[in-house]
Amino acid sequence: VQLQASGGGLVQPGGSPRLSCAASGSIFSFHVMGWYRQAPGKQRELVAGITRGGKTNYAGSVKGRFTISRDSAKNTVYLQVNSLKPEDTAVYYCNAIQITPTGKGDYWGQGTLVTVSS
């Protein structure tokens, strides 16, 4: 399983980039997919998640500003980030969890850096 994250870069405060996470296989093979972020000097934290059934959840700090979605035809999960603030600066990672009869697979993309600065 490979996850390829993209869409980061230097963004002005208030900007609205869209992050993409392309999976090497069907996204419906995963029990849940999500976006995490890690800011400098801080622990990695969950930003948003989406289950196979389409249920979503968000961290309180991004609720109402970020939206997670998916395109099954493209095997891609997106994170639309709106109204960016400097404190949103972080490396954003894509994650996927796969549960099979033999065990649990926990997969990570390489991360994409979002820098919010004027």
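For the structure itself, look to the data block above.
Residues numbered from 1 in each chain as written. Predicted model: local features only at pLDDT ≥ 70, side-chain atom pairs only at ≥ 80, totals over all residues. Heavy atoms only, no water.

1. Observations concerning the side chain of D88
Okay, so step 1: By the element assignment, D88 lies in the loop between β8 (76-81) and β9 (90-100).
Okay, so step 2: One polar contact links D88 to R65, side chain to side chain, over a distance of 2.8 Å.
Okay, so step 3: Residues contacting D88, with those up to four places away along its chain left out, are R37, R65, F66, S83, V114 and V116. (Helix = DSSP H or I, 4+ residues; strand = E, 2+ residues; numbered from the N terminus. Polar contact = N/O pair within 3.5 Å; in protein donor to acceptor, adjacent residues only side chain to side chain. Contact = heavy atoms within 4.5 Å.)

2. Topic: the sheet that holds strand β3 (residues 18-23)
Okay, so step 1: Here 4 strands make up an open sheet; going across it, the order is β1-β3-β8-β7 and the pairing antiparallel. Bordering the open sheet on either side are β1 (3-6) and β7 (66-71), each of which pairs with just one other strand. Ignoring which end each strand starts from, the neighbouring axes of this sheet average 15 degrees apart.
Okay, so step 2: Bridge count for β7 against β8 is 6 bridges, and the pairing is antiparallel. For D71, the partnering residue across the bridge sits in β8 and is T76. (Pairing = 2+ DSSP bridges. Axes fitted to C-alpha atoms, helices over the stretch in contact; angles between N-to-C directions.)

3. Digging into the packing of aromatic side chains
Okay, so step 1: For the coordinates displayed, the defined rule picks out 3 aromatic pairs.
Okay, so step 2: Here the aromatic rings of Y36 and W108 are separated by 4.9 Å at their centres, their planes lie at 65 degrees, and the arrangement is edge-to-face. Remark: W108 occurs in strand β10 (residues 103-108) and Y36 occurs in strand β4 (residues 32-38); sequence separation between them is 72 residues.
Okay, so step 3: Taking the relative accessible area as the measure of exposure, Y36 reaches 22% and is therefore partly exposed.
Okay, so step 4: Consider the rings of Y93 and W108, whose centres lie 6.5 Å apart with planes at 85 degrees: the pair is edge-to-face. Placement of Y93 in strand β9 and of W108 in strand β10 is noted, with a sequence separation of 15 residues between them.
Okay, so step 5: If you follow R18 out to its NZ or CZ, it ends over the ring of Y78, 4.0 Å from the centre. (Phe/Tyr/Trp six-rings, centres within 6.5 Å; stacked < 30°, edge-to-face > 60°. Buried < 20%, exposed > 50% of the residue type's maximum accessible area, 1.4 Å probe, protein only. Lys NZ or Arg CZ within 6 Å of the ring centre and 35° of its normal.)

4. What to know about the pairing of strand β5 (residues 45-51)
Okay, so step 1: Here β4 runs beside β5; their pairing, made up of 6 bridges, is antiparallel. Bridging from a neighbouring strand, R37 pairs with E45 of β5.
Okay, so step 2: Where β4 folds back onto β5 in an antiparallel hairpin, the turn is made up of 6 residues, including G41, whose phi is positive at roughly 75 degrees.
Okay, so step 3: In terms of strand pairing, β5 meets strand β6 (residues 56-58) through 3 bridges, oriented antiparallel. Each residue of the ladder has a partner; that of I50, found in β6, is T56.
Okay, so step 4: Between the antiparallel neighbours β5 and β6 lie 4 residues, among them G54 with a positive phi of about 100 degrees.

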